[in-house]
Amino acid sequence: MNPTNKNAAPSYTLNCRMAQEAAAIERLCQVVRIRGFRIASMAVETAGDYFDINLTLEGSRPVAMLQNQLEKLHTVAEVVVKQPAAKLARHSA
Amino acid sequence: MNGAQHILDAFHRHHIGTVFGYPGGCIMPLYDALVDDVGVEHVLCRHEQACALAADGYARASGKLGVCIATSGPGATNLITGVANAHRDSIPMLVITGQVASGMIGTDAFQETDVLGMTLGIVKHSYLVDSAEDIPAIMEEAMALAQSGRPGPVWIDIPKDILLTDVKTPTPEQTQTPSASTPDLSEALAMLREAKRPLLYSGGGVSLANAEDSFRAFAEASAMPGVATLKGIGNAGKHNPNDLGMLGMHGSRAANRAVEECDLLFIVGARLDDRATGKLDGFAPNARTIHIDADAAEINKLRATDVALRGDLSGILTAFTHEMEAQPLAIDDWRTQCQTWRTTGGFQAADNEEPLAPITGPAFIRQLSRITPDNAIIACDVGQHQMWVAQHYHFNHPRHHLTSGGLGTMGYGLPAAIGAQFADRQSTVINVTGDGSFMMNAQELATIRRYNLPLKLIILDNQCLGMVRQQQELFYNNRESQIDLDDNPDFVAMARAFDIPSLHIERTDQIRRGIETILAYDGPMLLHVAISREENVWPIVKPGASNKEMIDEPKRTTTAKKEQVA
Ligand SMILES: Cc1ncc(C[n+]2csc(CCOP(=O)(O)OP(=O)(O)O)c2C)c(N)n1
């Protein structure tokens, strides 16, 4: 990990609602990683049959690209990007 | 019915008649159910990787779902390359593996591997079944998912005890995939009419969407010059005068030139892969883009597009065809220019007329293209021979060209050809392979023999890993490293050991007879073709360079095959 790059990368908060199934969280994290983003913080709550996942992400690629890829996951119901993340969220990582 | 029988029931309801698999401990309940089943033909390959690649070849050749089955642990891990191959090329595939019994998961039980975790990055979706009652619904969903939108492999991992449990839940209704609507074309149409130098750029998405006919109708009605990606070869048919062939790293000079000069790229079912575009900065520098694709995530992924049309390719292309028929494009000058480039910058290495001359890859493939019937299916491996097929074989349909595009899997060709032959027993199916690739799944000669498949195998044997040798020669100061295969086995004798007759040729005047002999033979036959070690694939773009920096074949100074590379 290169700390200089890490600091330079823009930060986003992203909310994802996805069905609870085996490996749901791993699937989400795998896509985030392979598409070039780093998870700075993550909070998961269950809501009925769904996970409600709040992520703070850092990455220099367009976040819309990540959103598209996450939306393709069969069990993802919704992805909302709030960008850029509040400074607070970034520092809480 | 137990869980295993429900899997077979789902196959019946979806008219899946052929599956490729290999048995073992945790999947035994399914193999037990197969004993009493008459509706599903199970093809026993000799390695699970070959099962997955055969299912891939079956799916590509037929347009149907490919199915492969394996046991837990090593069975599942052996499938991985084949499933990754299908994932990278968006091939509809259903993968079923047995898993250790539910209570044993996480105990490091015999033949336990975390299949779900290991395969997350190579599937469209996956399931670990935790109740037999879910099997009918999961089967329905998985089969629909694998074939809808942008297709891909869906993997179902099922613990052994669940396969054996009786299921009481009634079978669900078949999932109907909602048909995609046709988006508004007006902006794209205006842009197309404005363009002076529009270029059609098509990829594997055309046949994945079963849009071959509507694509061809559009290509003809618009008479737009066109280029194809490796997987788009054949989209335009072999008689379209505006088709400039493959673009990219080993594309034709004509195709790459047209991309450089065009002012509009009309992209259909292609994802702007780096082997096609070269360095992105230098790709189609003067062009606006219209991008038609089934997958929203491909649009704007690597290059911002001006107009995106997402939806059913057939519907969109048919709507454009009507517009073109009503008012043709006024691009005569550009069309003529591209046809000139096609004549001067197409793939046309001169055939060596000298009968005793050694055989070159391109000359062999051109003869093969002339002699084989129009509906022949060619399954390639990976390397120089794969590029020679892409360059010099004239395909009339994209489903006739089976090639591992995204993953570039050596060992793909032989099992893929087996799958294709099961998809169409009447077609001529030919595996064109290299001496390196052939050895990666050579055990499948036994599968050919077992099912008496009339496959034709052609090994272009240059006694080395030719594509790697070429790049070492051109880009690593000719420092050869680990590419020599001059201790290859005697391939003719090897085929004979599997009771497959074979023939060896090495001179130009033997090409025609060699090809005619294997085609005429009523059964599987292997043609071993000795070719020069030093032959290269031309032109070539250095990996990471712009397509503009294409390197042509240096002038031959003698008739000898050994080249001096400038
Ligand atoms: C499974 C796998 N391993 C390694 C490679 C890297 N690779 C690409 S082409 C090639 C050489 C292929 O040799 P051969 O099959 O003899 O074909 P040729 O290039 O000589 O025509 C290699 C090693 C690959 N594509 N796939």
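Computed from a predicted structure; not experimentally measured.

Asks: So what's going on with the environment of B:H15? Which residues, and what values?
Replies: One can find B:H15 in the loop between α1 (3-13) and β1 (18-21). C-alpha separation for the pair B:H15 and B:P172, spaced 157 residues apart in sequence, amounts to 16 Å.

Asks: Give me the sheet that holds strand β16 (residues 456-461) of chain B: which residues, what numbers.
Replies: Residues and elements named next belong to chain B. Reading across from one edge, β14-β13-β15-β16-β18-β17 is the order of the six strands in this open sheet, with parallel pairing throughout. Strands at the two margins of the open sheet, each flanked by one partner only, are β14 (401-402) and β17 (502-505). With two bridges connecting them, strand β13 (residues 377-380) and β14 associate as parallel partners. The residue bridging I378 from the neighbouring strand is H401, located in β14. Along the sheet, helix α16 (residues 384-392) makes contact with β13, β14, β15 (429-434) and β16, crossing β15 at roughly 135°. Sheet strands in contact with helix α22 (residues 511-520) are β15, β16, β17 and β18 (525-530), and its direction is about 165° off that of β18.

Asks: An account of the UniProt feature "domain: Thiamine pyrophosphate enzyme central" (unreviewed entry) in chain B is needed here, citing residue identities and associated values.
Replies: Mapped onto this numbering, the UniProt entry gives "domain: Thiamine pyrophosphate enzyme central" (unreviewed entry) at residues 186-319 of chain B. Structurally, residues 186-319 of chain B comprises 33% helix and 20% strand, and the distance from its first C-alpha atom to its last is 11 Å.

Asks: How would you summarise the pairing of β13(B) if you had to cite specific residues and measurements?
Replies: Side chains B:I377 and B:A379 project from β13(B) onto one buried face, and the interleaved B:I378 and B:C380 project onto a second face that is buried too. Read from β13(B) through α16(B) to β14(B), the crossover connection turns out right-handed.

Asks: Residue-level account of the nonpolar core, with values.
Replies: Residue and element names in this part refer to chain B. Core analysis: the biggest nonpolar cluster contains 50 residues, and F20, C68, L79, V83, W155, F438 and I448 have the highest contact counts within it. Taken domain by domain, the makeup of this core includes at least three residues from each of domain 1 (3-164) and domain 3 (361-535). Residue contacts for L79: discarding those within four places in its chain leaves E48, C51, A52, C68, A70, V95, T97 and W155. Membership of the second largest hydrophobic core comes to 48 residues, among which are M191, A255, I267 and V268.

Asks: If you had to explain the confidence of the model for chain A to someone new, which residues and values would you point to?
Replies: Residues at a pLDDT of 70 or more form 82% of chain A, whose mean pLDDT is 86. Long-range and interchain partners of residues 86-93 of chain A, a stretch whose pLDDT sits below 50, account for seven contacts in this model, where long-range means more than four residues apart.

Asks: So what's going on with the interface of chain B and chain A? Which residues, and what values?
Replies: Taken together, the contact pairs 17 residues of chain B with 12 residues of chain A. Summing both sides of the interface, chain B and chain A together bury roughly 1100 Å²; the carbon and sulfur share of this comes to 58%. Contact with chain A buries surface across chain B, with B:L120, B:H125 and B:A297 losing the most and accounting together for 43% of the total. Put simply, chain B and chain A have one salt bridge between them. With a closest N to O distance of 2.7 Å, B:D295 and A:K72 form a salt bridge. Inspection of the region where chain B meets chain A yields three residue pairs in polar contact (both at pLDDT 80 or more). Elements that contribute at least two residues to the side of chain B that touches chain A include exactly α5 (115-118), β5 (125-128) and α6 (135-147) of chain B. Among the elements that take part in the side of chain B that touches chain A, β5(B) stands out by supplying four residues, more than any other. Taken together, the residues that form the side of chain B that touches chain A break down as nine nonpolar, four polar and four charged.

Asks: Before we move on, could you go through the environment of B:T277 and cite the residues and values that matter?
Replies: Residues and elements named next belong to chain B. Residue placement: T277 occurs in helix α12 (residues 274-277). Classification of T277 as buried rests on a relative accessible area of 1%. Along the chain, T277 and M249 lie 28 residues apart, while their C-alpha atoms are 7.9 Å from each other. Ignoring any residue separated from it by four or fewer positions in sequence, one finds T277 in contact with Y201, L272, F283 and N547.

Asks: Can you lay out the pairing of β17(B) for me, pointing to particular residues and giving the numbers?
Replies: Where β17(B) and β18(B) come together, four bridges link them in parallel fashion. Residue pairing in the sheet places B:S502 in a bridge with B:L526 of β18(B).

Asks: For the domain arrangement of chain B, give the residues involved together with the corresponding values.
Replies: All names here are of chain B. According to the domain assignment, chain B consists of domain 1 (3-164), domain 2 (186-345) and domain 3 (361-535). With centres defined by C-alpha atoms, the gap from domain 2 to domain 3 works out at 30 Å. On the side of domain 3, 17 residues touch domain 2, which itself brings 14 residues to the contact. When domain 2 packs against domain 3, the two sides together hide about 1500 Å² of surface, and 56% of this comes from carbon and sulfur. It is L230, K238 and H250 that lose the most area in domain 2 upon contact with domain 3, and together they represent 43% of the buried surface on that side. Taken together, the connections running from domain 2 to domain 3 amount to two salt bridges. The interface formed by domain 2 and domain 3 includes seven residue pairs in polar contact (both at pLDDT 80 or more). Among the residues making up the side of domain 2 that touches domain 3, the classes are represented as three nonpolar, six polar and five charged.

Asks: Outline the sheet that holds strand β7 (residues 198-202) of chain B, listing residues and values.
Replies: Residue and element names in this part refer to chain B. The strand order across the open sheet built from six strands is β9-β8-β7-β10-β11-β12, with neighbouring strands paired in parallel fashion. Whereas interior strands pair on both sides, the edge strands pair on one side only; in this sheet they are β9 (243-246) and β12 (307-310). Shown here is a sheet whose adjacent strand axes are inclined to one another by a mean of 15°, direction ignored. Contacts from helix α10 (residues 212-222) reach β7 and β10 (264-268), with the element oriented near 165° to β7.

Asks: Kindly report on unusual backbone geometry, identifying the contributing residues and their values.
Replies: Residues and elements named next belong to chain B. A cis geometry characterises the amide bond from W538 onward to P539, with omega recorded as -10°. Tracing the backbone through its elements, the reader meets P539 in the segment after β18. In this model, N300 sits at a positive phi of 70°, which is unusual for a non-glycine residue. Tracing the backbone shows N300 in the loop between β11 (288-293) and β12. N300 sits in the partly exposed class, given a relative accessible area of 42%.

Asks: I'd love a proper account of the site of the ligand, names of residues and values included.
Replies: All names here are of chain B. The ligand sits among 17 residues. The nearest are Q384, G408, G436, S437 and G466. At a separation of 2.9 Å, an oxygen atom of the ligand approaches a polar side-chain atom of N462. M467 is positioned such that a nitrogen or oxygen atom in its backbone is 2.9 Å from an oxygen atom of the ligand. Burial of the ligand by the surrounding chains reaches 76%, relative to a free accessible area of 580 Å². Among the elements of the structure, α16, α18 (435-438) and α20 (466-475) are those that each provide at least two residues to the shell around the ligand. The class makeup of the residues in the shell around the ligand is seven nonpolar, nine polar and one charged.

Thresholds applied
Residues numbered from 1 in each chain as written. Chains lettered and ligands numbered in written order. Predicted model: local features only at pLDDT ≥ 70, side-chain atom pairs only at ≥ 80, totals over all residues. Heavy atoms only, no water. Helix = DSSP H or I, 4+ residues; strand = E, 2+ residues; numbered from the N terminus. Pairing = 2+ DSSP bridges. Contact = heavy atoms within 4.5 Å. Axes fitted to C-alpha atoms, helices over the stretch in contact; angles between N-to-C directions. UniProt positions renumbered as here; feature names shortened; annotations may be inferred. Buried < 20%, exposed > 50% of the residue type's maximum accessible area, 1.4 Å probe, protein only. Right-handed = clockwise from strand over helix to strand, strands pointing away. Core = buried A, V, L, I, M, F, W, Y, C linked by side-chain atoms within 4.5 Å. Domains from an automatic or database assignment. pLDDT = per-residue confidence, 0-100. Buried area = accessible area lost by both parts, 1.4 Å probe. Salt bridge = Lys/Arg side-chain N within 4 Å of Asp/Glu carboxyl O. Polar contact = N/O pair within 3.5 Å; in protein donor to acceptor, adjacent residues only side chain to side chain. Nonpolar A, V, L, I, M, F, W, Y, C, P; charged D, E, K, R; others polar. Near = heavy atom within 4 Å. Areas by Shrake-Rupley, 256 points an atom, 1.4 Å probe, with all protein chains shown as cover.

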